[in-house]
Amino acid sequence: VAPPCKILKKEIKEGVPLTLRQYQVQGVLHLLAMPRFVLGDDTGLGKTLQVIASLSYMWDNHPEIPALICTTKSAVGQWESEFEKFTIGVKVFRCVGTKKKRIKIHNEFKEYSEGPKALILGYRTACQDFDELQSISNHVMIFDEATAFKNPKSQVHQVCKHLAGSAERAWSMPATIIKNRLMEAWAIYKVTCPHLFTSKTAFMRNFCITRDQKTAKGIRIPIVVGHRKSQIEDFRNIIDPYFLGRPKHLVAKELP
């Protein structure tokens, strides 16, 4: 059972206590212990609650640390309602609407100093509003659906890399980090834990199967066509301190 927390509600609604399952408590402990971490539980296991609970325990002692949450456009409202459902006294700023309206929200977020606060916005909005975000520092950076920046050449990846780099903590939440291509995992860790792996070229050489492909200009470039099965265990061992991912069948006994 999770210890008491001033920010977390005792009940979700009258007569229904807010209780974290054992695996969720384990997730919270990992997030609080690790400033840079990837929580890769299967969809439906309550990653959002684990992150909100972790923030709440942190805010109990450090209410001045802001949280910045990037997610998909469709999930912005869901995050806001989850904060409302599970927490007390957290000021949530949902960054949506026209550019003028969003600038006003950014300013209100920066000026607010009466307690815990969280800014929630979509990945595309983060790119559009980067001028407003780049001055934020010493925050907790949360990336929901972290495969959004799996392409290291994309603008989203570059923006997220900056936001994570200036953060006190950075937590990413992908659902299938090892099931997909390893290069996507490299891109997620390059944002979340940039020290973990070196260059893209070195990672491809160590973990991937490649073949040369000619560009239109006749230049040969390596293309990833698979991963080295013999190196998967090495990859797992490297990310192990920075990754926790439970499939549903592993925690089935705790599910309703």
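Scroll up to find the structure.
This one's a predicted model, so the numbers in the text were calculated from it and none came from an experiment.

With that out of the way, let us pick up the overall build of the protein. Broken down by element type, the protein carries 10 helices and 11 strands. Summarising its shape, the C-alpha atoms of the protein cover approximately 65 × 50 × 30 Å along the three principal directions. Out of the 256 residues belonging to the protein, those deemed buried represent 48%. Considering only intrachain contacts with a sequence separation of at least 6, the fraction spanning at least 24 residues in the protein is 70%. Charge centroids of the protein, computed over 38 positive and 24 negative side chains, lie 9 Å from each other.

As summarised here, the arrangement of the 7 strands in space is E5-E6-E4-E7-E8-E3-E11, forming an open sheet in which the pairing is parallel. Of all strands in the sheet, those bounded by a partner on one side alone are strand E5 (91–94) and strand E11 (243–244). Here 2 bridges tie strand E3 (residues 36–39) to E11, and the two strands are oriented parallel to one another. Within the sheet, the bridge partner assigned to Leu-39 lies in E11 and is Leu-244. The strands that helix H7 (residues 155–165) touches are E3, strand E4 (67–71), strand E7 (140–144) and strand E8 (169–173); relative to E7, the one it contacts most, it runs at about 145 degrees. Across the face of the sheet, helix H8 (residues 182–192) comes into contact with E3, E7, E8 and E11 while running at roughly 145 degrees to E3.

What follows is about the nonpolar core. Counting residues in each nonpolar core, the largest one holds 46 residues, and the members touching the most others are Leu-119, Phe-143, Phe-149, Tyr-189, Phe-197 and Phe-203. Looking at this core element by element, the count peaks at 8 residues for H8.

Let us look at the packing of aromatic side chains. In this description, a pair of aromatic rings is defined by centroid distance and the angle of the planes. Scanning the model with the defined rule gives 10 aromatic pairs in all. Measuring from centroid to centroid gives 5.0 Å for Phe-197 and Phe-203, while their planes differ by 85 degrees, and the two rings are edge-to-face. The exposure class assigned to Phe-203 is buried, which follows from its relative accessible area of 2%. An aromatic cluster is defined as three or more aromatic residues linked by ring pairs; in this entry it consists of Tyr-189, Phe-197, Phe-203 and Phe-235. Over the aromatic face of Phe-109 sits the side chain of Lys-117, whose NZ or CZ is 4.7 Å from the ring centroid.

Once that is clear, we can look at the packing of H7 against H8. It is at 8 Å that the axes of H7 and H8 come closest, and there the two elements cross at 35 degrees. Along its contact with H7, which presents His-157, Cys-160, Lys-161 and Ala-164, the element H8 presents Ala-187, Lys-190 and Val-191. Taken together, the residues that form the contact of H7 with H8 break down as 4 nonpolar, 1 polar and 2 charged.

With a phi angle near 55 degrees, Asn-138 is a residue other than glycine that sits in the positive phi range. Tracing the backbone through its elements, the reader meets Asn-138 in the loop between helix H6 (130–133) and E7. Look at Asn-138 and you get partly exposed, because its relative accessible area is 48%. Located in the positive-phi region is Glu-145, a residue other than glycine, with phi close to 50 degrees. Tracing the sequence through the fold places Glu-145 in the loop between E7 and H7. Overall, Glu-145 belongs to the partly exposed group, its relative accessible area being 40%.

Attention shifts here to helix H3 (residues 76–86). Within the span of H3, buried status applies to Val-76, Trp-79, Glu-82, Phe-83 and Phe-86. For H3, the buried positions fall inside an angular range of 120 degrees around the axis, keeping them on one side.

This part is about the pattern of salt bridges. A full pass over the atoms with the stated rule returns 6 salt bridges. Note that Lys-110 is salt-bridged to Glu-132, the shortest N-O span being 3.6 Å. With Lys-110 in helix H4 (residues 99–111) and Glu-132 in helix H6, this residue pair connects regions lying 22 residues apart in the sequence. Taking the relative accessible area as the measure of exposure, Lys-110 reaches 36% and is therefore partly exposed. Look at Glu-132 and you get buried, because its relative accessible area is 17%. Glu-184 is paired through a salt bridge with Lys-150; the nearest N and O atoms lie 3.8 Å apart. Of this pair, Glu-184 sits in helix H8 while Lys-150 sits in the loop between E7 and H7, and the two are 34 residues apart along the sequence. Relative accessible area serves as the criterion here: at 12%, Glu-184 is assigned to the buried category. Under the relative-accessibility criterion, Lys-150 is labelled partly exposed at 39%. A single salt-bridge network, built from bridges that share partners, covers Lys-99, Arg-102 and Asp-129.

Parameters and conventions
- Residues numbered from 1 in each chain as written.
- Predicted model: local features only at pLDDT ≥ 70, side-chain atom pairs only at ≥ 80, totals over all residues.
- Heavy atoms only, no water.
- Helix = DSSP H or I, 4+ residues; strand = E, 2+ residues; numbered from the N terminus.
- Buried < 20%, exposed > 50% of the residue type's maximum accessible area, 1.4 Å probe, protein only.
- Contact = heavy atoms within 4.5 Å.
- Lys, Arg positive; Asp, Glu negative; His and termini not counted.
- Charge placed at Lys NZ, Arg CZ, Asp CG, Glu CD.
- Pairing = 2+ DSSP bridges.
- Axes fitted to C-alpha atoms, helices over the stretch in contact; angles between N-to-C directions.
- Core = buried A, V, L, I, M, F, W, Y, C linked by side-chain atoms within 4.5 Å.
- Phe/Tyr/Trp six-rings, centres within 6.5 Å; stacked < 30°, edge-to-face > 60°.
- Lys NZ or Arg CZ within 6 Å of the ring centre and 35° of its normal.
- Nonpolar A, V, L, I, M, F, W, Y, C, P; charged D, E, K, R; others polar.
- Arc of directions from axis to C-beta.
- Salt bridge = Lys/Arg side-chain N within 4 Å of Asp/Glu carboxyl O.

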